[in-house]
Amino acid sequence: MDFLPHTEEDDRAMLEAVGLESLADLFEGIPSDVRLDYPLGIPPALSEPELLDHLAALAGRFAADDSLCFAGGGVYDHHVPAAVRALASRAEFATSYTPYQPELSQGVLQALFEFQTAVCAIYGLEVANASLYDGAHSVVEAVNLALRTTGRARVVAGATVHPHYRQVLQTYTSALGVEVLTAPYDAAGTVDWTAVDMTGAGAVVAASPNVFGCLEDVGAATSAAHADGALAIVVSDPTSTGLLASPGELGADVAVGEGQGLGSPMAYGGPGVGLFATGLEHVRQVPGRIAGETVDADGLRSYVLTLQAREQHIRRARAASNVCTNQTLLAIAAGIHLCWLGPEGLRRLGEVCVTRTAYAARVLGRLPGCRIRFPGPHFKELTLETPIAADDLARRLAGRGFVIGPGLGRWFEDLSNCLLVAVTERRTTQQIDALGEALEKELAEG
């Protein structure tokens, strides 16, 4: 409690009121093996100038700004246009939060409506919400929708869906009597969906591009799901949608994804913004907020939050979800970014990512002892196998000014010598060559 503006007299008065001797007594109910000792050993408070100097010194120890970023695994170093930063940081967006009073929130509501429209367009589906917390959360809510719709309690998720997404799904469903099965990947780094047993499944979750950067046969996944009466959920990187067929075109009932690559920097892994789109038949099962377009008493176009009876702050136990908020600012940034790109710009972004990833595969795959573990078409990311442990190699490359990885051994036992290499439109062929040279030197040193 040292960080709160309480005096010692305040602390004593509060302890007397609840009948305790010390602040440590407040936390007796927390098991000792997970409880920090009190006092915490925090140094005395600094003045504002001293604190700023201290933070500047800490920041000076962080060399990421001088490094080239080839890191992936779910968060990517995309270019954020100046127009996106300028518009999204306007006070009208940056300071607003809950648009429950539409007469006061027309700008934010319209911006969210336009964001939803853009998400529907890239995912090829009819309804989108005003965003969720992140991509993992979107997967969970899509599965919830599918299980409510089908009345089943079994989920089949591809092993190539990001492990964090699958872990969050397992956590959310662990106390609900839901069985989550994992479909293994093959030598190509994809799931053979025609061979997966989906008996009794209510939801099937496939990712393309998947965690290895490989492109899955989404059509086979959705067809197999529908043949067994399940709903098909497709996890799709929005930056790939200008180049690849949309999830809706390939039969997805729900499309979800992480929108960080649109309008938001990497920011040490977050925050993110969850994208969520589905068909009109499921609109009353959509979690979170939906901004809708209507007309006011004078017949003028206006915007509102609609179908709010689905939300937990309205109907609680009968709600479609326990979520009643969204990532407003990040969603607006993503919407602005999509509008800034337009269909042609989104296609061009995808083309640049694909061609430079292919170039990186040629450069890195021919290094001594290295190979691309999963050959074939990739989008923005590839899996590089090296003769030494991936995590150790990533640390060594960081010392040479290259941020790369993560190593896949943390998630897949058979891939301990494999790491992810992400190549966005920000990486040039010269920078890829430089990474290849640095990697070759590290391998030569053993």
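Residues numbered from 1 in each chain as written. Predicted model: local features only at pLDDT ≥ 70, side-chain atom pairs only at ≥ 80, totals over all residues. Heavy atoms only, no water.

As a further point, take the overall build of the chain. Within the chain, the regular secondary structure consists of 12 helices and 14 strands. The C-alpha atoms of the chain give a radius of gyration of 24 Å, which matches the 22 Å a tight globule of 446 residues would have. For the chain, the spread of C-alpha atoms along the principal axes amounts to about 70 × 60 × 45 Å. Intrachain contacts of the chain at a sequence separation of at least 6 include 71% that bridge at least 24 residues. With the model as given, the accessible surface of the chain reaches about 21400 Å², and the carbon-plus-sulfur share is 55%. One finds the centroid of the 31 positive side-chain charges in the chain at a distance of 6 Å from the centroid of its 53 negative side-chain charges. (Helix = DSSP H or I, 4+ residues; strand = E, 2+ residues; numbered from the N terminus. Rg over C-alpha atoms; globule rule 2.2 N^0.38 Å. Contact = heavy atoms within 4.5 Å. Areas by Shrake-Rupley, 256 points an atom, 1.4 Å probe, with all protein chains shown as cover. Lys, Arg positive; Asp, Glu negative; His and termini not counted. Charge placed at Lys NZ, Arg CZ, Asp CG, Glu CD.)

What follows is about the layout of surface pockets. In this structure, the largest pocket encloses a volume near 1200 Å³. Every element with two or more residues in the lining of the largest pocket is listed here: strand 1 (68-71), helix 6 (135-150), helix 7 (163-173), helix 11 (390-399) and strand 13 (402-405). Of the residues contributing to the lining of the largest pocket, the split by class is 21 nonpolar, 13 polar and 8 charged. (1 Å grid on protein atoms, 1.4 Å probe; cavity = no way out; pocket = protein on both sides within 12 Å on 5 of 7 lines; lining within 4 Å. Points joined across faces, edges and corners; volume = space filled by probe spheres on them. Nonpolar A, V, L, I, M, F, W, Y, C, P; charged D, E, K, R; others polar.)

Our focus in this paragraph is helix 7. Looking at helix 7, one finds that the buried residues are Pro 163, Tyr 165, Arg 166, Leu 169 and Thr 173. An end-on view of helix 7 places all buried positions within 160° of arc, on one side of the element. Of the surrounding secondary structure, the elements contacted by the buried residues of helix 7 are helix 6, strand 3 (154-158), strand 4 (179-183), strand 6 (231-235) and strand 7 (254-258). (Buried < 20%, exposed > 50% of the residue type's maximum accessible area, 1.4 Å probe, protein only. Arc of directions from axis to C-beta.)

Strand order in this open sheet of 7 strands is 2-8-7-6-5-3-4, and the pairing throughout is mixed. Sheet topology places strand 2 (127-128) and strand 4 at the edges, where each strand pairs with a single neighbour. Relative to strand 8 (residues 274-278), strand 2 is paired through 2 bridges, and the arrangement is antiparallel. Residue pairing for strand 8: Ala 128 is matched across the bridge by Ala 277. (Pairing = 2+ DSSP bridges.)

Empty space left among the atoms is revealed by rolling a probe the size of a water molecule over them. All chains considered together, the criterion is met by 1 cavity of 30 Å³ or more. Grouping the amino acids of the lining of the largest cavity by side-chain chemistry returns 9 nonpolar, 10 polar and 4 charged.

Here the focus is a nonpolar patch on the surface. Taken together, Val 18, Leu 26, Phe 27, Ile 30 and Val 34 make up a surface patch of nonpolar side chains, about 430 Å² in accessible area. Tracing the backbone through its elements, the reader meets Val 18 in helix 1 (residues 8-18). (Patch = residues over 30% accessible without salt bridge, like charges linked within 9 Å, V, L, I, M, F, W, Y side chains within 5 Å. Salt bridge = Lys/Arg side-chain N within 4 Å of Asp/Glu carboxyl O.)

Our next topic: the state of the cysteines. As enumerated under the stated definition, the model contains 0 disulfides in all. Not engaged in a disulfide, the cysteine Cys 214 finds its nearest cysteine sulfur in Cys 418; these two sulfurs lie 11 Å apart. Cys 418 forms no disulfide, and the closest cysteine sulfur to it belongs to Cys 370, at a distance of 10 Å. Among the residues examined, Cys 418 registers a relative accessible area of 0% and is labelled buried. (Disulfide = S-S within 2.5 Å.)

Bringing the packing of helix 11 against helix 12 (residues 429-445) into the picture now. Relative to each other, helix 11 and helix 12 sit at 120°, their axes nearing to 10 Å. Accordingly, the angle class assigned to the pair helix 11 and helix 12 is oblique. You can see that helix 11 and helix 12 cross each other, and the crossing is right-handed. Here Leu 393, Arg 396 and Leu 397 of helix 11 come into contact with helix 12, specifically with Leu 435, Ala 438, Leu 439, Glu 442 and Glu 445. (Axes fitted to C-alpha atoms, helices over the stretch in contact; angles between N-to-C directions. Parallel < 35°, antiparallel > 145°, perpendicular 65-115°, else oblique. Left-handed = near helix turned anticlockwise from the far one by under 90°.)

Checked against the element boundaries, His 378 lands in the loop between strand 11 (371-372) and strand 12 (381-385). Of the residues examined, His 378 reaches a relative accessible area of 11% and is grouped as buried. Here Phe 374 takes part through its backbone oxygen, which lies 2.8 Å from a polar atom of the side chain of His 378. Only 2.7 Å separates the side chain of His 378 from the backbone oxygen of Gly 376, close enough to count as a polar contact. Here His 378 is in contact with Phe 212, Gly 213, Cys 214, Val 354, Thr 357 and Ile 372, once residues within four sequence places are set aside. (Polar contact = N/O pair within 3.5 Å; in protein donor to acceptor, adjacent residues only side chain to side chain.)

Attention now goes to the sheet that holds strand 12. Read across the sheet, 3 strands follow the order 11-12-14 without closing on themselves; strand pairing throughout is antiparallel. Taken across any chain shown, the strands that pair with only one partner, and hence form the sheet edges, are strand 11 and strand 14 (418-422). The pairing of strand 12 with strand 14 spans 5 bridges and is antiparallel. Bridged to Leu 382 within strand 14 is Val 421.

Tallied over the entire structure, the rule returns 19 salt bridges. Arg 426 is paired through a salt bridge with Asp 77; the nearest N and O atoms lie 2.9 Å apart. Linking Arg 426 in the loop between strand 14 and helix 12 with Asp 77 in the loop between strand 1 and helix 3 (82-88), this pair joins segments that are 349 residues apart in sequence. Using a relative accessible area of 40% as the deciding quantity, one classes Arg 426 as partly exposed. Close ionic contact of Arg 396 with Glu 442 constitutes a salt bridge, the shortest N to O distance being 2.6 Å. In this pair, Arg 396 is assigned in helix 11 and Glu 442 in helix 12, connecting sequence segments 46 residues apart. Each member of the pair Arg 396 and Glu 442 is classed as buried. A network of salt bridges, in which partner residues are shared, links Asp 392, Arg 395, Arg 396, Arg 400, Glu 442 and Glu 445.

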